[in-house]
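Reading the structure
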Amino acid sequence: EVLKRRVVDLVSASKGVGTIFFLDKSARPLAYFYIKALHKLHPGRKTPSIRFLNIGSEKIEILAGYSLEAPEKPTIDEVLDTIRDRDDLEVLFGTENVGELQELLTQGGQERRLIVDDVDYSGRTRSLTEKVVSVLDPSNTYSFFTFLESSPDKARFDTGRGLRGVSAAFPWHGDNGFVKSPESLYRWDNRFLVDRQEDIQYR
């Protein structure tokens, strides 16, 4: 029931949006829920372009590592505050990687865009994502949508496992699901792009 309600909310939030970025890989399955619901609720509405950005807890791990290595030992949030331009991003995530992301973000004309995440944990993933897109693509307007955001909604998905310090998780989270633990597949992964970037076509 939470998924159904929130995917309807997402369809409403996407009205007038040209491109939707789902944060990969934990929010990737939500793209299919979204497309199916959009075609069901608004069969005549044009489907926005669907893209995936590899921004999640693994990028926060990079900020944490940088904060530990820096002489002044700033906090993760303080490292985030130092990101002011592309050069600052390249120090953290690499020149080629940041260049590829900027090329993806600046494709097409000016439009409204939406970023979708699965669960709100500390808010740092959202802060980093908003910082990255504001630095690399200031000409477009981005808004943010989180599926599991309120405490009651999170409680419906309480696994009791404390995944990444938070017990709320979708069924595809975890080592036996779609998303593996950051200690295995995603730890210190600085890449923003994923292998598949073409539009999803719902059939």
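Heads up: these notes are all about the structure in this document. This one's a predicted model, so the numbers in the text were calculated from it and none came from an experiment.

1. Overview of the overall build of the chain
A count of helices and strands for the chain gives nine helices and four strands. If you list the helices and strands of the chain from N to C, you get α-β-α-β-α-α-α-α-β-α-β-α-α. Buried positions account for 47% of the 203 residues belonging to the chain.

2. Remarks on the packing of aromatic side chains
Within the structure shown, the criterion is met by five aromatic pairs. Between phenylalanine 22 and tyrosine 34, the ring centres sit 6.4 Å apart and the planes meet at 55°, which makes this aromatic pair tilted. Of this pair, phenylalanine 22 sits in strand β1 (residues 17-23) while tyrosine 34 sits in helix α2 (residues 28-41), and the two are 12 residues apart along the sequence. When its relative accessible area of 0% is taken as the criterion, phenylalanine 22 is described as buried. Ring centres 5.6 Å apart and planes at 80° place the aromatic pair phenylalanine 145 and phenylalanine 147 in the edge-to-face group. The pair phenylalanine 145 / phenylalanine 147 is uniform in exposure class, with both members buried. Pairwise contacts between aromatic rings join Phe22, Tyr34 and Phe52 into one cluster. Over the face of the ring belonging to phenylalanine 52 we find arginine 28, whose NZ or CZ atom lies 4.1 Å from the ring centre.

Criteria and cut-off values
Residues numbered from 1 in each chain as written. Predicted model: local features only at pLDDT ≥ 70, side-chain atom pairs only at ≥ 80, totals over all residues. Heavy atoms only, no water. Helix = DSSP H or I, 4+ residues; strand = E, 2+ residues; numbered from the N terminus. Buried < 20%, exposed > 50% of the residue type's maximum accessible area, 1.4 Å probe, protein only. Phe/Tyr/Trp six-rings, centres within 6.5 Å; stacked < 30°, edge-to-face > 60°. Lys NZ or Arg CZ within 6 Å of the ring centre and 35° of its normal.

Function cannot be read off these values alone, since they describe shape.
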